[in-house]
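# Residue-level structural notes
Take a look at the letters that make up each chain.
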Amino acid sequence: MSAQRTQPTTHMAGGAVSGMTACVILQPLDLIKTRLQQTRHHHPKGHSTLLSTCRDIINTNGVGGLWRGTMPTILRNMPGTALYFTTLSEIRHVMDATRATWQPWLRRDTKAKDQAKWENLFAGVTARGSVGFIMMPVTVLKVRYESNFYNYRSMTEAFRSIVQYDGVRGLFAGYGATFIRDAPFAGIYLLCYEQCKSIINLYKSTHELAVANVVVNLTSGVVAGTAATAVTQPFDLMKTRMQIDPNTYRNTWHTARHIFGEAGWRGFFDGLSLRLARKPLSSAISWAIYEEFVRFATRQPLTGSQSL
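Presented here is a report on the structure given in the accompanying data block. Being a predicted model, the structure only gives us computed values, none of them experimental.

Let us now look at the environment of valine 138. Within the secondary structure, valine 138 is located in helix H6 (residues 136-146). With a relative accessible area of 21%, valine 138 lands in the partly exposed category. Taking the C-alpha atoms as reference, valine 138 lies 7.9 Å from leucine 171; in sequence the two are 33 residues apart. Valine 138 has contacts with Pro72, Leu75 and Arg76, leaving out every residue within four places of it along the chain.

If you want it as structure tokens, here you go:
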């Protein structure tokens, strides 16, 4: 334990800044991914590609059209990322403060590094699952607004339409798929991220390499993000289908059967390449900016230097 704990507001501010930056930079990829998944659903025999989808968006709405949905993305990601990092830091703090209570329950031969892995996995899953529920209505609005299946003119129109036709329940469409995508993603990501950082930092110190912390964080983020993205891709696809067309895709099990009936196992990985181009970068950018923000904030006099 350090002499002074980093304030939750610092984690919240760092998360907000990192979330906003990542979503503005990568919004075009998020929009194209949604359009690709939607087009292939309504026209399964079509041959839409990343390039053709991008060209269609630009021809219809101009280059600025690639950033359609940026505001709802910011409204979701900025508070969502801020809440996630704050919740994560609080969960870690509680686990650290109560370790003397629950640690004796562990097997005596459990190694410290193995315990750290499980703690990271648990903290990531718990933080993302709880924050995901709170932010779910904004997530649904974002997906519907990005989709040209509805052509909403504003978020207000999207909100009214969802409540009118699907009720309040419609604002939580796809939460099951979202939870089983985001919660494991966060847990796997955090586990791999911390592990990768440890390996790189050990290599740095062993070989006396001068590598900036931000480079270590970005590299670790990309590696961790790639692993977590590949594992959770099927649930991302199901989430998108359920949020765009909840009448056809009523629940997670029904959606899975529908997708399998259309394209077999391969159908669950539709859009994986595009998600791999975005999600690892998004996570890496968010974590790198967040950790640098916290590092800078805790360098002030009398606060010490402290990470998560």
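After presenting the structure, the write-up continues.
Glancing now at the packing of aromatic side chains. Tallied over the full model, the rule gives 13 aromatic pairs. Ring geometry for tryptophan 265 and phenylalanine 268: centres 5.8 Å apart, planes at 35 degrees, overall tilted. On the basis of relative accessible area, tryptophan 265 is assigned to the exposed category, the value being 65%. Relative accessible area serves as the criterion here: at 8%, phenylalanine 268 is assigned to the buried category. Members of the aromatic cluster, connected to one another through ring pairs, are Tyr84, Phe85, Phe185, Tyr189, Tyr193, Trp287 and Tyr290. A cation over a ring is seen here: arginine 128 above tyrosine 84, with NZ or CZ 4.0 Å from the ring centre. A cation over an aromatic ring shows up here: lysine 279 above the ring of phenylalanine 185, its NZ or CZ 4.9 Å from the ring centre.

What the rule picks out here adds up to seven salt bridges. Between aspartate 236 and arginine 275 there is a salt bridge, with its nearest N and O atoms 3.7 Å apart. With a gap of 39 residues between them, aspartate 236 in helix H9 (residues 213-244) and arginine 275 in helix H11 (residues 272-297) connect regions that are remote in the sequence. Across the pair, exposure class does not vary: aspartate 236 and arginine 275 are buried alike.

Below, the discussion takes up the environment of alanine 297. Secondary-structure assignment places alanine 297 in helix H11. For alanine 297 and histidine 11, which are 286 residues apart along the polypeptide, the C-alpha to C-alpha distance reads 9.6 Å.

Bringing the nonpolar core into the picture now. Counting 17 residues, the largest nonpolar core has Tyr84, Leu88, Ala123, Tyr189 and Trp287 as the members making the most contacts within it. Elements supplying a minimum of two residues to this core: helix H3 (70-97), helix H5 (112-134), helix H8 (175-207), H9 and H11. Structurally, this core is a two-domain feature, drawing no fewer than three residues from each of domain 2 (69-171) and domain 3 (173-288). Setting aside its immediate chain neighbours within four residues, tyrosine 84 contacts Gly124, Ala127, Arg128, Val131, Ala186 and Trp287.

Even without being glycine, glutamate 208 reaches a positive phi, approximately 55 degrees. Among the structural elements, glutamate 208 can be located in the loop between H8 and H9.

What follows deals with H8. The end-to-end C-alpha separation of H8 is 46 Å, in line with the 48 Å expected for 33 residues at 1.5 Å each. One or two positions beyond H8, positive phi appears at glutamate 208, with a value near 55 degrees.

On to helix H7 (residues 155-166). Counted at 1.5 Å a residue, the expected span for H7 with its 12 residues is 16 Å, and the 16 Å between its end C-alpha atoms agrees. Buried within H7 we find Ala158, Ser161 and Ile162. Taken around the axis of H7, the buried residues stretch over an arc of 100 degrees, which confines them to a single face. Turned more than 90 degrees from where H7 packs its buried face, Arg160 and Gln164 sit exposed. Positive phi shows up at glycine 167, right after H7, with a value of about 75 degrees.

Axis separation between H3 and H11 bottoms out at 12 Å; the angle between their running directions is 60 degrees. In this view, H3 runs oblique relative to H11, as classed from their interaxial angle. Classified by chirality, the crossing of H11 by H3 is right-handed. The segment H3 lies against H11, with Asn77, Tyr84, Phe85 and Leu88 engaging Arg278, Ser286, Trp287 and Tyr290. In terms of residue class, the contact of H3 with H11 is built from five nonpolar, two polar and one charged.

In this section: the side chain of serine 286. Along the chain, the position of serine 286 falls in helix H11. Ignoring sequence-local partners within four residues, the contact set of serine 286 consists of Ser18, Ala22 and Phe85.

Another aspect to go through is a nonpolar patch on the surface. On the surface, Tyr203, Leu209, Val211, Val214, Val215 and Leu218 cluster together to form a nonpolar patch covering roughly 450 Å² of accessible area. At three residues, the largest contribution of residues to the nonpolar patch is made by H9.

As a further point, take the packing of H3 against H8. The description of two packed helices rests on the angle between their axes and on the distance between the axes. The geometry of H3 relative to H8 is characterised by a closest axis approach of 14 Å and an angle of 60 degrees between their N-to-C directions. When the interaxial angle is binned, H3 and H8 end up oblique. With respect to the hand of their crossing, H3 and H8 are arranged in right-handed fashion. Here Arg76, Tyr84, Leu88 and Arg92 of H3 come into contact with H8, specifically with Arg181, Asp182, Ala186, Leu190 and Glu194. Across the contact of H3 with H8, the residue classes break down as four nonpolar, no polar and five charged.

What counts, and at which threshold
Residues numbered from 1 in each chain as written. Predicted model: local features only at pLDDT ≥ 70, side-chain atom pairs only at ≥ 80, totals over all residues. Heavy atoms only, no water. Helix = DSSP H or I, 4+ residues; strand = E, 2+ residues; numbered from the N terminus. Buried < 20%, exposed > 50% of the residue type's maximum accessible area, 1.4 Å probe, protein only. Contact = heavy atoms within 4.5 Å. Phe/Tyr/Trp six-rings, centres within 6.5 Å; stacked < 30°, edge-to-face > 60°. Lys NZ or Arg CZ within 6 Å of the ring centre and 35° of its normal. Salt bridge = Lys/Arg side-chain N within 4 Å of Asp/Glu carboxyl O. Core = buried A, V, L, I, M, F, W, Y, C linked by side-chain atoms within 4.5 Å. Domains from an automatic or database assignment. Expected span 1.5 Å × (residues − 1). Arc of directions from axis to C-beta. Axes fitted to C-alpha atoms, helices over the stretch in contact; angles between N-to-C directions. Parallel < 35°, antiparallel > 145°, perpendicular 65-115°, else oblique. Left-handed = near helix turned anticlockwise from the far one by under 90°. Nonpolar A, V, L, I, M, F, W, Y, C, P; charged D, E, K, R; others polar. Patch = residues over 30% accessible without salt bridge, like charges linked within 9 Å, V, L, I, M, F, W, Y side chains within 5 Å. Areas by Shrake-Rupley, 256 points an atom, 1.4 Å probe, with all protein chains shown as cover.

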